[in-house]
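Observations on the three-dimensional arrangement
For reference, the chains in residue letters:
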Amino acid sequence: MFELGTFIVSIITFLIMFWIIARYGFKPLAVMLEKRRVHVETQITEAEQSRQQAEAFLSEQRQLLDEARHQAKAILDEARLQADQQGRELVAQAQEEARRLLEENRAMIERERADMLSGVMASVSSLSVELSEKLLRRHLSHEVHEEMIKEAEKILGELVC
Amino acid sequence: MPAFPYLLYNWHGGLFKINITTIGMMILTGLIVLIFLRIAMRRLDMRKPTKMQNLVEWMIDFTASMARDTMPSEEVVQWVLPFAFTMLIFLFVSNWLGVIATVAIHQNTPIPWLGLTAANLAAGHNEVPLFDSPTANMSMTLGMAVMVWLLSHARGLRHPRQYFSHFKNPMAIIEEITNPLTHGMRLFGNIFAGEALISVILGIPLLFGFIPIGLPLLLIWLLYSGFVSTIQAYVFTILMTLYVGQKSYGPSSHH
């Protein structure tokens, strides 16, 4: 049978029981669950953050490595280029030196040959004069002698040149 | 009809009589729930939960998922969670108390101020129940249902426009009467029938004075009653979340 008193008092009793259970039985659990949820969430967020940091760090490292590699290559290339150029310069210098030496030697030979030729010419002319003197057995005057030498030199010069 | 002891039996012609057994059993149920939760909560730890703590956490999760299935937004779920959790565990314990045991004493001398008049005692075969399911009392279950009803309407009135536009349909008004009625009577009927049939089966006489022919029947019925007790606690709570959820008009966050 429906009893109004029981009806009202059971609502009140239940509400009191609910208040007590919620306050002393449920709230600590809910607080703990919330704490765990927050903990897990922060852990996940932190993990994500550190992963992102690690990724950024890695890409930075990679970039630095690339840069270093590029630089090394550039330095090597430059060095190679410089070495090439230096080598070429050295060869050119050596060639120049060789050419100069050859020139000098040639000039010296030429000069010596000319000297020798003039010496030979002098001795040949004097010899020829002496020879002709001896052949002719006569003393020629100094002027005629000079003239003859000149003539001989001239002929020799024509002969040589 | 057993003779229950009453308070205020003669006040205003018995209009406000209060069933002492029912209220006492409610208080006992509340204490059992509280003690269970307090034991489960010893060494409450975020990282290393004990078995009891795991059980209670599972119960909270179960209640929350139940509420999520029937309510529009997570905010409402979190709001109703303590109430739904308390209601579920409270009804579970109170339904099971009647399955585990009912205690009645024989009272031959009437105690008129407790409502145990000679006529009432005679109608109840001098049996005065002292330990019983509180949910086997119609007034109590209707009280719970009306409390849920009031709660849902109080929540609905937070958004008056949507709340009142809902009542343009006359069927909605009928529903508002039938919902709490069926909500309460369903719980009462199931638990009361279980207990009534248990007492009937217990009343089967022994064959030849020593063979309990009712025993297999009793075991089957006890198992079934236990099942019904569990299911009814669940049904009552899920209907509660459904009714409150229907009147929660805030922004919906899932579904």
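Conventions and cut-offs
- Residues numbered from 1 in each chain as written.
- Chains lettered and ligands numbered in written order.
- Predicted model: local features only at pLDDT ≥ 70, side-chain atom pairs only at ≥ 80, totals over all residues.
- Helix = DSSP H or I, 4+ residues; strand = E, 2+ residues; numbered from the N terminus.
- Rg over C-alpha atoms; globule rule 2.2 N^0.38 Å.
- Buried ≥ 20, exposed ≤ 12 C-beta atoms within 10 Å, placed from the backbone.
- Contact = placed C-beta atoms within 7 Å.
- Expected span 1.5 Å × (residues − 1).
- pLDDT = per-residue confidence, 0-100.
- Axes fitted to C-alpha atoms, helices over the stretch in contact; angles between N-to-C directions.
- Parallel < 35°, antiparallel > 145°, perpendicular 65-115°, else oblique.
- Left-handed = near helix turned anticlockwise from the far one by under 90°.
- Nonpolar A, V, L, I, M, F, W, Y, C, P; charged D, E, K, R; others polar.
- Core = buried A, V, L, I, M, F, W, Y, C linked by C-beta atoms within 7 Å.

1. Considering the overall build of chain A
Within chain A one finds 2 helices and 0 strands. Here chain A has a C-alpha radius of gyration of 61 Å; the compact-globule value for 161 residues is 15 Å, and the former is much larger. Each principal axis of the C-alpha atoms in chain A carries an extent, and together these give about 190 × 20 × 20 Å. The proportion of buried residues among the 161 residues of chain A is 9%.

2. Things to note about the overall build of chain B
The number of helices and strands found in chain B is 8 helices and 4 strands. The helix and strand sequence of chain B, counted from the amino end, reads β-β-α-α-α-β-α-β-α-α-α-α. Along the three orthogonal principal directions, the C-alpha set of chain B runs to about 65 × 50 × 30 Å. Excluding contacts between residues fewer than 6 apart, the proportion of contacts in chain B whose partners are at least 24 apart in sequence is 73%.

3. Here's the deal with helix 8 (residues 215-246) of chain B
Residue and element names in this part refer to chain B. With 32 residues, helix 8 should cover 46 Å at 1.5 Å per step; its first-to-last C-alpha distance of 45 Å lies within 8% of that length. Listed as buried for helix 8 are Ser225, Ser229, Gln232, Ala233, Phe236, Thr237, Met240, Thr241, Tyr243, Val244 and Gly245. If you follow the buried residues of helix 8, they end up packed against helix 2 (51-70), helix 3 (74-100), helix 5 (138-156) and helix 7 (170-202).

4. What to know about the confidence of the model for chain B
Predicted confidence across chain B gives a mean pLDDT of 90, with 99% of residues reaching 70 or more. The ipTM assigned to the predicted complex is 0.92, against a pTM of 0.75.

5. Here's the deal with the environment of Asn19 of chain B
With respect to the helices, strands and loops of the structure, Asn19 of chain B is situated in strand 2 (residues 18-19). When the C-alpha atoms of Asn19 of chain B and Ile174 of chain B are compared, they prove to be 30 Å apart, with 155 residues separating the residues in sequence. Other than its neighbours up to four places away in sequence, Asn19 of chain B contacts Glu3 and Thr6 of chain A together with Phe4, Tyr6, Asn137 and Ser139 of chain B.

6. Notes on the packing of helix 1 (residues 4-136) of chain A against helix 2 (residues 142-160) of chain A
All names here are of chain A. Contact pair helix 1 / helix 2: the axes reach a minimum separation of 9 Å and the direction vectors enclose 135°. Here helix 1 is positioned oblique relative to helix 2, judged by the angle of their axes. In this structure, helix 1 crosses over helix 2, and the sense of that crossing is right-handed. Judged by residue contacts, Leu117, Met121, Val124, Ser125, Ser128 and Val129 of helix 1 engage His145, Met148, Ile149, Ala152, Glu153, Leu156 and Val160 from helix 2. Tallied by class, residues from the contact of helix 1 with helix 2 come to 9 nonpolar, 3 polar and 1 charged.

7. A closer look at helix 2 of chain A
When the terminal C-alpha atoms of helix 2 of chain A are compared, their 27 Å separation across 19 residues agrees well with the 27 Å that a helix rising 1.5 Å per residue should span. Counting buried positions over the 19 residues of helix 2 of chain A gives 0, only a small fraction of the element.

8. Focus on the nonpolar core
Within the largest apolar cluster, 61 residues are counted, with the highest numbers of intra-cluster contacts made by Val80, Ala84 and Leu88 of chain B. Put simply, the parts of the chain that give this core at least two residues each are helix 1 of chain A together with helix 1 (20-40), helix 2, helix 3, helix 5, helix 7 and helix 8 of chain B. It is helix 3 of chain B that contributes the most residues to this core, 17 residues altogether. Setting aside chain neighbours within four positions, we find Leu88 of chain B in contact with Thr63, Ala233, Tyr234 and Thr237 of chain B.

9. Focus on the interface of chain B and chain A
Between chain B and chain A, the contact holds 34 residues from the first and 26 residues from the second. Ranked by the residues each element gives to the side of chain B that touches chain A, the list is headed by helix 1 of chain B, at 9 residues. Split by residue class, the side of chain B that touches chain A holds 24 nonpolar, 7 polar and 3 charged.

10. Comments concerning unusual backbone geometry
Residue and element names in this part refer to chain B. Positioned with a positive phi, His12 is a non-glycine residue whose angle comes to about 50°. Here His12 shows up in the loop between strand 1 (6-7) and strand 2. We classify His12 as exposed; it has 10 C-beta atoms within 10 Å. Positive phi outside glycine occurs at Arg43, with the angle close to 50°.

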